[in-house]
Amino acid sequence: MSAAVSSRRILTASLVGTAVEFYDFYIYATAAALVFGPLFFPSDSASAQLMLSYASFGLAFVARPVGAIIFGHFGDRLGRKSTLVASLMLMGGSTVAIAFLPTHAQVGWVAPALLCLLRFGQGLGLGGEWGGAALLAVENAPAGRRNTWGMFPPLGAPVGFLAANGFFLLLGFVLTDAQFLAWGWRLPFLASAVLVALGLWVRLKVTETPAFREAAAADALPKVPIATLFAGHARAVLTGTLAVVACFSLFYLATAFALGYGTTALGYSRQAFLAIELVAILFLAAGIIVASVTADRRGARAMLWIGFAGCALAGALMGPMLASGATVEVFTWLALALFVMGFAYGPLGGWLPSLFPSGVRYTGVSVTFNVGGIIGGALAPIAAQALVERGGIGIVGLYLVAAGILSGAGLLILKRGEGA
């Protein structure tokens, strides 16, 4: 096999796998904003329905650190490739099963219980996915291209988002609201089976990374990676965790929360707001590419600083722009928030692995990424919904300001010379 073919296969495997995983994750986020409230959490209050639906969405973030520890253990002990295949199968299987769930009207409390169980399974799978995909790319990267190769797992986010919300948008054009609520929402979950099969086919063709093979040959694989991680790399865990907060906060407030807010408080139709978000998500892809390529010349931390400052700026502008309801201003805010998110997110693919030695790298990257996701992502839609009910959308923007400051503080914890 030529080096060019091998490189394409590695980068495709790191991109396709995370695109599939994020597709699964995003179709849940979209369904949570649009239909899961009335179907699984009936209530006299529409706001209460939405908050319960968002709570089930946030459940996966609780599962993700558990998945990070489990899959991180096997990724650091047995290898990156087999662990990535297992994580993809778990999340994909959980997603497909959601397509067959009965509703609350059919089986009562059993319906939301099963939904939450499968959502937990999604979170477990994703907990082992992103970190492994980043290592697959970074540990195979040529000299001087660490961040450029590391951008491929983050690029799975906009690719998966486009596929997921594009599917929902298409359904909006061909189905009535009644048909969509009755059965149409199940189709994106069912379609995940095809995407998971594609992801498995690509990943089964790649080989183990050189860094893991070298660590195994040198007998440098700890027996309990999570214990070794916290005993010797606590500072790196803390800084990585805090640095992840901004990108998660930006993404879930600019997608899941904004979709719910736009289709309720602002009066947009589902199709109209999804179309706006689909165009805005292209700015996330652009931000990831620009920041990651530039990071190989100027350093990942410099790009992350831009992203964290941009997060605070997006928070300050959220109230006056998003609450205006004007399409141009709503789109501009979404595009800005997602573009600066690219700077807070893209360089993480190359930067987080640089914080840890190869023997605990899978565990370290997975734990920091997913614990940071709880702080920045799981709480964001729930807190935003509660805040908007009490003080309006401007108060929600302060959440982003705080997230940007918190992630910036994470970078200050590192000593000079630590990390890429």
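Above this note sits the structure.
Below, the structure is looked at part by part. (Residues numbered from 1 in each chain as written. Predicted model: local features only at pLDDT ≥ 70, side-chain atom pairs only at ≥ 80, totals over all residues. Heavy atoms only, no water.)

1. Here's the deal with the environment of Phe100
- Mapping Phe100 onto the fold places it in the loop between helix 4 (80-98) and helix 5 (104-107).
- Taking the C-alpha atoms as reference, Phe100 lies 9.9 Å from Trp183; in sequence the two are 83 residues apart.
- Leave out the neighbours within four places in its chain, and Phe100 touches Arg186 and Leu190. (Helix = DSSP H or I, 4+ residues; strand = E, 2+ residues; numbered from the N terminus. Contact = heavy atoms within 4.5 Å.)

2. Describing the pattern of salt bridges
- Under the defined criterion, the tally for this structure stands at four salt bridges.
- Its salt-bridge partner being Arg80, residue Asp76 comes within 2.9 Å of it at the nearest N-O pair. For the pair Asp76 and Arg80, a shared accessibility class is recorded, and that class is buried.
- Between Arg361 and Glu139 there is a salt bridge, with the nearest N and O atoms lying 2.9 Å from each other. One end of the pair, Arg361, is in helix 19 (residues 361-391); the other, Glu139, is in the loop between helix 7 (129-138) and helix 8 (146-150), with 222 residues separating them in the sequence.
- Look at Arg361 and you get buried, because its relative accessible area is 14%.
- Judged by its relative accessible area of 10%, Glu139 is buried.
- Through salt bridges that share partners, Asp76, Arg80, Glu139 and Arg361 make up one connected network. (Salt bridge = Lys/Arg side-chain N within 4 Å of Asp/Glu carboxyl O. Buried < 20%, exposed > 50% of the residue type's maximum accessible area, 1.4 Å probe, protein only.)

3. Quick look at helix 14 (residues 234-264)
- In a regular helix each residue adds 1.5 Å, so 31 residues correspond to 45 Å; helix 14 covers 43 Å between its end C-alpha atoms and thus fits that length.
- Residue Ala258 marks the point of greatest curvature in helix 14, where the axis turns by about 45°.
- Judged by how many residues are buried, helix 14 sits mostly within the fold: 26 of 31 residues are covered. (Expected span 1.5 Å × (residues − 1). Bend = angle between axes of the 7 residues up to and from the residue.)

4. Points about empty space enclosed by the protein
- In the structure shown here, the tally under the stated rule is two cavities of 30 Å³ or more.
- Counted as a void, the largest cavity has a volume near 80 Å³.
- Contributing to the lining of the largest cavity are Phe22, Tyr26, Ala157, Cys247, Phe248, Phe251, Tyr252, Met341, Tyr345 and Phe369.
- Elements with a contribution of two residues or more to the lining of the largest cavity: helix 1 (3-34), helix 14 and helix 17 (327-345). (1 Å grid on protein atoms, 1.4 Å probe; cavity = no way out; pocket = protein on both sides within 12 Å on 5 of 7 lines; lining within 4 Å. Points joined across faces, edges and corners; volume = space filled by probe spheres on them.)

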